[in-house]
Amino acid sequence: MLPIVAIVGRPNVGKSTLFNRLTRSRDAIVANVPGLTRDRNYGRGRVGGKPYLVVDTGGFEPVAREGILHEMARQARQAVDEADAVLFVVDARAGLAAQDRAIAEELRRSGRRIFLVANKAEGMSPAIAGAEFHALGLGDPLPVSAEHGDHVPDLMEIVLAGFAASQEASRAEDRHPRIAVVGRPNVGKSTLVNALLGEERVVVYDQPGTTRDSIEVEFERAGRRYTLIDTAGLRRRGRVSEDPEKFSVMKALQAIEHANVAILVLDARQDISEQDAHVAGFILEAGRALVVAVNKWERLAAEERDLVKRALIRKLDFLGFARLHFISALTGQGLKPMMRSVDEAYAAAMARLPTPRLSRALAAAVAQQPPPRAGLNRPKLRYAHQGGVNPPRIIVHGSALERVPETYRRYLERFFRDAFKLQGTPLRVEFRSGANPYVDRPGARR
């Protein structure tokens, strides 16, 4: 599982700036869900070959006993409890504050790996930036500038040094689907897992994952091997409680990262929530294949079903690549078609696309709809090859491709998906422009 890194500290020390620097985006996933404050943000980062999950928290007020400050402190404590490493951010320019001491004392009791980060240290010598903070007793302060990016990669190299390198390549070569069952509490995830394990089951065994409370279960169904990844403490059939599961955003994101295919479970009786949309958005960001299972279908009256179907199809339009199934985990209705879609999505995610076929498909796409002109010239798309799987990445080579608009990229994604029947998986199209060999010659066009 990917390591989880939590960012904590008192207000206005630059936690969110550091979060944006680590995720390389200001559009990272934000979990606006019941019980979570708006200040708690989730995203993905990478340093070298090591990906990780990062969570930003609001200003930590350990002594707060009520109101929004108490809620923010509660969320910060939960982030620390879920984390494998904690970045305790202090302000190198403002110096040591009494609140820093209170936070340090609480973090010391947590038992987590703590890294003291002296932010806003641009233009300061390391010795001066961290001098006051040795008094916290958390080791040598690590001076960085989140705003300018100074020493941030070095910081994350140190933080992640104790974790294994990325397992993405080995997962991509797995010969069987790894399935993450995700969704908000009480939608029937445990019931669905029980149904999958109990029907036509041949082999089941518990294999503790590398992260607390994460369990992987291997099983066979209809002669095919699968691995289920569950973050709610999956147990053998007959021992899974039907009580509402404690929802952990970070555990769900870890399961998605470690899977080939995600089954997003929705409740047919409830509207699409922000929480559903955030989890779906993270699946898209992670590039995982997806099947959407609308559970508890048996509880709807016949006259309600058409209305619900139309509403769901409209609201899930951004997941148009994924199959939508209406199921009952309790009765087993619709599970066989759903698993066929899981197999289909896995095959699409792992598909090997020969370069000659890709280049012919590219030529057909351009012939059907050329890219729009950019000034006097039109970008030239010459050939394509595959750059990876899970999700499939298609690299398009040519000239002036930096001028290709995003709308044309999406057109190519749809064209390739239809041409190669890649149902159930996101698809990435990347452009690489060749260098102009005449660019340095006198009179060459630029």
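Residues numbered from 1 in each chain as written. Predicted model: local features only at pLDDT ≥ 70, side-chain atom pairs only at ≥ 80, totals over all residues. Heavy atoms only, no water.

Trainee: Which parts of the structure should I look at to understand the sheet that holds strand β3 (residues 50–56)?
Mentor: What links the strands of a sheet is backbone hydrogen bonding, and the strands pair in either a parallel or an antiparallel sense. Pairing is mixed in the open sheet, where six strands are placed in the order β2-β3-β1-β4-β5-β6. Each edge of the open sheet is held by one strand with a lone partner, namely β2 (41–47) and β6 (142–143). Helix α3 (residues 98–110) rests against β1 (4–8), β4 (85–91) and β5 (113–119) of the sheet, and its axis sits at about 170 degrees to β4. (Pairing = 2+ DSSP bridges. Helix = DSSP H or I, 4+ residues; strand = E, 2+ residues; numbered from the N terminus. Contact = heavy atoms within 4.5 Å. Axes fitted to C-alpha atoms, helices over the stretch in contact; angles between N-to-C directions.)

Trainee: Would you mind going over the packing of helix α12 (residues 355–368) against helix α13 (residues 406–420) with me for this structure?
Mentor: When two helices pack together, you describe them by how their axes are tilted relative to each other and by the distance separating the axes. It is at 10 Å that the axes of α12 and α13 come closest, and there the two elements cross at 125 degrees. By the angle between their axes, α12 is oblique relative to α13. Here the hand of the crossing between α12 and α13 comes out right-handed. Across from Arg-357, Leu-358, Ala-361, Leu-362, Ala-364, Ala-365, Val-366 and Gln-368 in α12, the residues of α13 making contact are Tyr-408, Tyr-411, Leu-412, Phe-415, Phe-416, Ala-419 and Phe-420. Along the lines of polarity and charge, the residues of the contact of α12 with α13 split into 13 nonpolar, one polar and one charged. (Parallel < 35°, antiparallel > 145°, perpendicular 65-115°, else oblique. Left-handed = near helix turned anticlockwise from the far one by under 90°. Nonpolar A, V, L, I, M, F, W, Y, C, P; charged D, E, K, R; others polar.)

Trainee: What's the story with the pairing of strand β7 (residues 178–182) in this structure? I'm lost.
Mentor: Every regular strand shows the same layout, with side chains that alternate between the two sheet faces. Most of β7 is tucked away: five of the five residues are buried. Burial along β7 is two-sided: Arg-178, Ala-180 and Val-182 and Ile-179 and Val-181, pointing in opposite directions, are all buried. Two strands pair when backbone bridges link them, and β7 and strand β11 (residues 261–267) are joined in this way by four bridges, in the parallel orientation. Across the sheet, the residue bridging to Ile-179 is Val-261, located in β11. (Buried < 20%, exposed > 50% of the residue type's maximum accessible area, 1.4 Å probe, protein only.)

Trainee: Sorry if this is basic, but what is going on with helix α11 (residues 335–349) here?
Mentor: The α-helix advances 3.6 residues per turn, and as a result positions three or four apart in sequence lie on the same side. With 15 residues, α11 extends 21 Å between its outermost C-alpha atoms, agreeing within 8% with the 21 Å of an ideal straight helix rising 1.5 Å per residue. Residues of α11 that are buried include every one of Leu-335, Met-338, Met-339, Ser-341, Val-342, Ala-345, Tyr-346, Ala-348 and Ala-349, and no others. (Expected span 1.5 Å × (residues − 1).)

Trainee: Before we go on, may I ask you to explain the confidence of the model for the chain in this structure?
Mentor: Interpreting fine coordinate detail is not advised for predicted regions of low pLDDT. Averaged over every residue, the pLDDT of the chain is 82; residues scoring 70 or more account for 82%. Overall, residues 199–213 carries pLDDT values under 50, and its contacts beyond four positions in sequence, including any with other chains, amount to 46 contacts. Low pLDDT, under 50, characterises residues 233–247; the predicted model gives this stretch 29 contacts beyond four residues in sequence or across chains. (pLDDT = per-residue confidence, 0-100.)

Trainee: Help me out: how do you make sense of the pattern of salt bridges in this one?
Mentor: If the charged atoms of two oppositely charged side chains come close together, the side chains can form a pair. Counted according to the given criterion, the structure contains 18 salt bridges. Where Arg-77 meets Glu-106, a salt bridge forms, and the shortest distance between an N and an O atom there is 2.3 Å. Taken together, the positions of Arg-77 in helix α2 (residues 67–82) and Glu-106 in helix α3 put the pair 29 residues apart, joining distant regions of the chain. With a relative accessible area of 29%, Arg-77 lands in the partly exposed category. When its relative accessible area of 16% is taken as the criterion, Glu-106 is described as buried. (Salt bridge = Lys/Arg side-chain N within 4 Å of Asp/Glu carboxyl O.)

Trainee: Looking at this structure, how should I read helix α7 (residues 189–198)?
Mentor: Taken across its 10 residues, α7 has nine buried, putting it largely inside the fold. Those residues of α7 that fall on the buried side of the exposure criterion are Lys-189, Ser-190, Thr-191, Leu-192, Val-193, Asn-194, Ala-195, Leu-196 and Leu-197.

Trainee: How do you make sense of unusual backbone geometry when you look at a structure like this?
Mentor: Trans is the common state for peptide bonds, and a negative phi is the common state for residues other than glycine. The omega torsion across Asn-390 and Pro-391 is 5 degrees, close enough to zero to call that bond cis. Within the secondary structure, Pro-391 sits in the loop between β14 (380–388) and β15 (393–399). If you check the backbone angles, Lys-421 has positive phi at about 55 degrees while not being a glycine. Here Lys-421 is to be found in the loop between α13 and β16 (428–433).

Trainee: Sorry if this is basic, but what is going on with the nonpolar core here?
Mentor: Here is a general trend for soluble globular proteins: nonpolar side chains tend to be buried in one another's company. The biggest cluster of nonpolar side chains holds 58 residues, and the ones touching the most others in it are Phe-88, Leu-107, Leu-136, Leu-290, Val-292 and Val-294. Among the elements that take part in this core, helix α9 (residues 274–286) stands out by supplying five residues, more than any other. For Val-292, the contacting residues outside a window of four places in its chain are Leu-264, Leu-266, Leu-316, Leu-319, Ala-322, Arg-323, Leu-324 and His-325. Membership of the second largest hydrophobic core comes to 29 residues, among which are Val-217, Val-261, Ala-293 and Ala-345. (Core = buried A, V, L, I, M, F, W, Y, C linked by side-chain atoms within 4.5 Å.)

Trainee: Just checking my understanding: could you explain the packing of aromatic side chains for this structure?
Mentor: Aromatic rings considered in pairs are described by the distance between their centres and by the relative angle of their planes. Per the stated rule, a full pass over the model turns up four aromatic pairs. For the pair Tyr-408 and Tyr-411, a centre-to-centre distance of 5.2 Å together with 45 degrees between the ring planes defines the contact as tilted. Note that Tyr-408 and Tyr-411 are positioned in helix α13 at a spacing of three residues, about one turn of the helix. You'll find Tyr-408 and Tyr-411 in the same group, each marked buried. For the pair Tyr-411 and Phe-415, a centre-to-centre distance of 6.1 Å together with 55 degrees between the ring planes defines the contact as tilted. Placement of the pair is Tyr-411 and Phe-415 together in helix α13, with a separation of four residues, close to one helical turn. Comparing Tyr-411 with Phe-415, the two get one shared label, buried. The rings of Tyr-408, Tyr-411 and Phe-415 are connected pair by pair, giving a single aromatic cluster. (Phe/Tyr/Trp six-rings, centres within 6.5 Å; stacked < 30°, edge-to-face > 60°.)

Trainee: Just to check I follow, could you spell out the pairing of β14 for this structure?
Mentor: The pairing of β14 with β15 spans seven bridges and is antiparallel. The residue of β15 that forms the bridge with His-385 is Ile-395. Hairpin geometry of β14 and β15 is characterised by an intervening segment of four residues between the two adjacent antiparallel strands and by a positive phi of about 55 degrees at Asn-390.

Trainee: Sorry if this is basic, but what is going on with the environment of Arg-410 here?
Mentor: Mapped onto the elements, Arg-410 comes out in helix α13. Each C-alpha atom, one on Arg-410 and one on Val-429, is 8.2 Å from the other, the two residues being 19 residues apart in sequence.

Trainee: How do you make sense of the sheet that holds β15 when you look at a structure like this?
Mentor: Read across the open sheet, the three strands follow the order β14-β15-β16; overall the sheet is mixed. Edge positions in the sheet fall to β14 and β16, since each of these pairs with one other strand and no more. On average, adjacent strands in this sheet sit at an angle of 25 degrees to one another, irrespective of strand direction. Running over the sheet, α12 touches β14 and β15 and is turned about 140 degrees from β14.

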